[in-house]
Amino acid sequence: MRHPASKASSFVIQYIAYLPLAGVTLSIYMLLKAAILQIILIFTKGSWVWLKVHQTMELNFLQILLDERLSSFRLQLVTWAAKMANTPALPVFLATALICFLLGQGLLAASKGLK
């Protein structure tokens, strides 16, 4: 007979595994949105131009960089976030979907192992 704590842990891990799997759904949605916007951008510009993450997600946080009230640590975090927001959208969302999928499947396997 298995220990009740392992059954409870298995139950909790199983439901925690659905969080990254929900991230897969969101990443695929954003990947499709980015692909459609990329196609529109190709037709409007006439050539291939990488669509950035902040253009796909409509992030307007880059205005925060102009705020002088930020501490140096927060300014550094916002600067890193701005650099990440300038990465090409299609590979980022594809990698995010893959990472979330693998994390969710790993947690489900760990949950089954504890049962």
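Residues numbered from 1 in each chain as written. Predicted model: local features only at pLDDT ≥ 70, side-chain atom pairs only at ≥ 80, totals over all residues. Heavy atoms only, no water.

> I'd like a rundown of the side chain of Q38, residues and numbers included.
Mapped onto the secondary structure, Q38 falls in helix 2 (residues 18–45). Classification of Q38 as buried rests on a relative accessible area of 2%. A polar contact of 3.0 Å, which involves the side chain of Q38, links it to the backbone nitrogen of L51. Aside from chain neighbours lying at most four places away, what touches Q38 is W48, V49, W50, L51 and L90. (Helix = DSSP H or I, 4+ residues; strand = E, 2+ residues; numbered from the N terminus. Buried < 20%, exposed > 50% of the residue type's maximum accessible area, 1.4 Å probe, protein only. Polar contact = N/O pair within 3.5 Å; in protein donor to acceptor, adjacent residues only side chain to side chain. Contact = heavy atoms within 4.5 Å.)

> Summarise the packing of helix 1 (residues 4–16) against helix 5 (residues 89–114); cite the residues concerned and give the values.
For the pair helix 1 and helix 5, interaxial distance at closest approach is 8 Å and the crossing angle is 165°. In terms of orientation, helix 1 and helix 5 fall into the roughly antiparallel class. Considering how the two elements wind past one another, helix 1 and helix 5 form a crossing that is left-handed. Residues S6, S9, S10, I13, Q14 and I16 of helix 1 pack against L107, L108, S111 and L114 of helix 5. A per-class count over the contact of helix 1 with helix 5 returns five nonpolar, five polar and no charged. (Axes fitted to C-alpha atoms, helices over the stretch in contact; angles between N-to-C directions. Parallel < 35°, antiparallel > 145°, perpendicular 65-115°, else oblique. Left-handed = near helix turned anticlockwise from the far one by under 90°. Nonpolar A, V, L, I, M, F, W, Y, C, P; charged D, E, K, R; others polar.)

> Give me the lowdown on the environment of A22, citing residues and values where you can.
As for its placement among the helices and strands, A22 is situated in helix 2. On the basis of relative accessibility, which here comes to 43%, the residue A22 falls in the partly exposed class. C-alpha of A22 to C-alpha of C100: the two residues are 78 residues apart in sequence and 8.2 Å apart in space.

> Talk me through helix 2; I want residue IDs and the actual numbers.
In this model, helix 2 (28 residues) spans 40 Å end to end at C-alpha, consistent with the 40 Å of a helix rising 1.5 Å per residue. Following helix 2 by one or two positions, G46 has its phi on the positive side, about 85°. (Expected span 1.5 Å × (residues − 1).)

> Any chance you could break down the side chain of Q14 for me, citing the residues and the numbers?
Its location among the elements puts Q14 in helix 1. For Q14, a relative accessible area of 19% gives the class buried. Contacts of Q14, omitting those with residues within four sequence positions, involve L108, S111 and K115.

> Go over the environment of T25 with me, naming the residues and quoting the values.
Inspection of the secondary structure puts T25 in helix 2. With relative accessibility at 55%, the residue T25 sits in the exposed group.

From the geometry alone we can't say anything about function, so treat these as descriptive.
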